Amino acid sequence: MSQSPPLIAEAISRAFSGRTVVNRASLSLEPGKVTALVGPSGSGKTTLLRMLAGMERPDSGTIQTGDTLLSGQGKYVPVEARRIG
C-alpha cells in the first residue's frame, strides 16, 4: 500500500476587510502523523485550516499534495474534490 504524499502550504496569506489574518504561512503535513496548531485566539489557526481543506481561498501562496496543485497560480480545487478533512 502506497502512502499519500504530504500536504504542503507555501507562503499562504488571507485577509478579511483589509486585516491580514494569515501572513505567508508555510507548513508540511505528513499523512498519518499528528500535528498540533497552537496560538492565541484570533491568530489565524481556523483560517489556516479552512484554507488547507479548501473552505477558504488563500489570497496568495500555494497549497499542494504531491505534484497536485490545489490552490495557487490561478488554480483552485474546491473542498469536495480535495479529499482532505
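Structural data are supplied above this passage.
Residues numbered from 1 in each chain as written. Predicted model: local features only at pLDDT ≥ 70, side-chain atom pairs only at ≥ 80, totals over all residues. Heavy atoms only, no water.

Novice: Got a minute to help me understand helix H1 (residues 45–53) in this structure?
Specialist: One turn of the α-helix equals 3.6 residues, which is why residues spaced by three or four share an orientation. Along H1, the positions that sit buried rather than exposed are Thr-47, Leu-48, Met-51, Leu-52 and Ala-53. Residue Gly-54 follows H1 closely and has a positive phi angle near 100°. (Buried < 20%, exposed > 50% of the residue type's maximum accessible area, 1.4 Å probe, protein only. Helix = DSSP H or I, 4+ residues; strand = E, 2+ residues; numbered from the N terminus.)

Novice: Can you help me understand the sheet that holds strand S4 (residues 68–72) in this one?
Specialist: Through backbone hydrogen bonds, the strands of a sheet pair up, either in parallel or in antiparallel fashion. Read across the sheet, five strands follow the order S2-S1-S3-S4-S5 without closing on themselves; strand pairing throughout is antiparallel. Each end of this open sheet is capped by a strand with a single partner; those strands are strand S2 (19–29) and strand S5 (75–76). Pairing analysis gives seven bridges linking strand S1 (residues 7–16) to S2, with the strands arranged antiparallel. Paired with Ala-15 across the strands is Thr-20, a residue of S2. Packing against the sheet, H1 makes contact with S1, S2 and strand S3 (60–65), and its axis sits at approximately 125° to S1. (Pairing = 2+ DSSP bridges. Contact = heavy atoms within 4.5 Å. Axes fitted to C-alpha atoms, helices over the stretch in contact; angles between N-to-C directions.)

Novice: Is there a simple way to think about the side chain of Arg-82 in this case?
Specialist: For Arg-82, the location among the structural elements is in helix H2 (residues 79–82). Among buried charged residues, Arg-82 stands out as having no salt bridge; its nearest opposite-charge side chain is Glu-80, 8.4 Å away. Polar side-chain contacts of Arg-82 include one of 3.1 Å to the backbone oxygen of Leu-52. Ignoring anything within four residues of it in the chain, the contact list for Arg-82 reads Met-51, Leu-52, Ala-53, Gly-54, Ile-63, Leu-70, Ser-71, Tyr-76 and Val-77. (Lys, Arg positive; Asp, Glu negative; His and termini not counted. Salt bridge = Lys/Arg side-chain N within 4 Å of Asp/Glu carboxyl O. Polar contact = N/O pair within 3.5 Å; in protein donor to acceptor, adjacent residues only side chain to side chain.)

Novice: Mind showing me how you'd approach the pattern of salt bridges here?
Specialist: Side chains carrying opposite charge are able to pair once their charged atoms draw close together. Summed over the entire model, instances satisfying the criterion amount to three salt bridges. Notably, a salt bridge pairs Asp-59 with Arg-14, separated by 3.2 Å at the nearest N-O pair. Taken together, the residues span a long stretch of sequence, with Asp-59 in the loop between H1 and S3 and Arg-14 in strand S1 at a distance of 45 residues. Judged by relative accessible area, which is 47%, Asp-59 ranks as partly exposed. With its nearest N and O atoms 3.3 Å apart, the salt bridge here joins Glu-56 to Arg-50. Taken together, the shared-partner salt bridges connect Arg-14, Arg-50, Glu-56 and Asp-59 into one network.

By themselves, these observations are geometric and do not establish any function.
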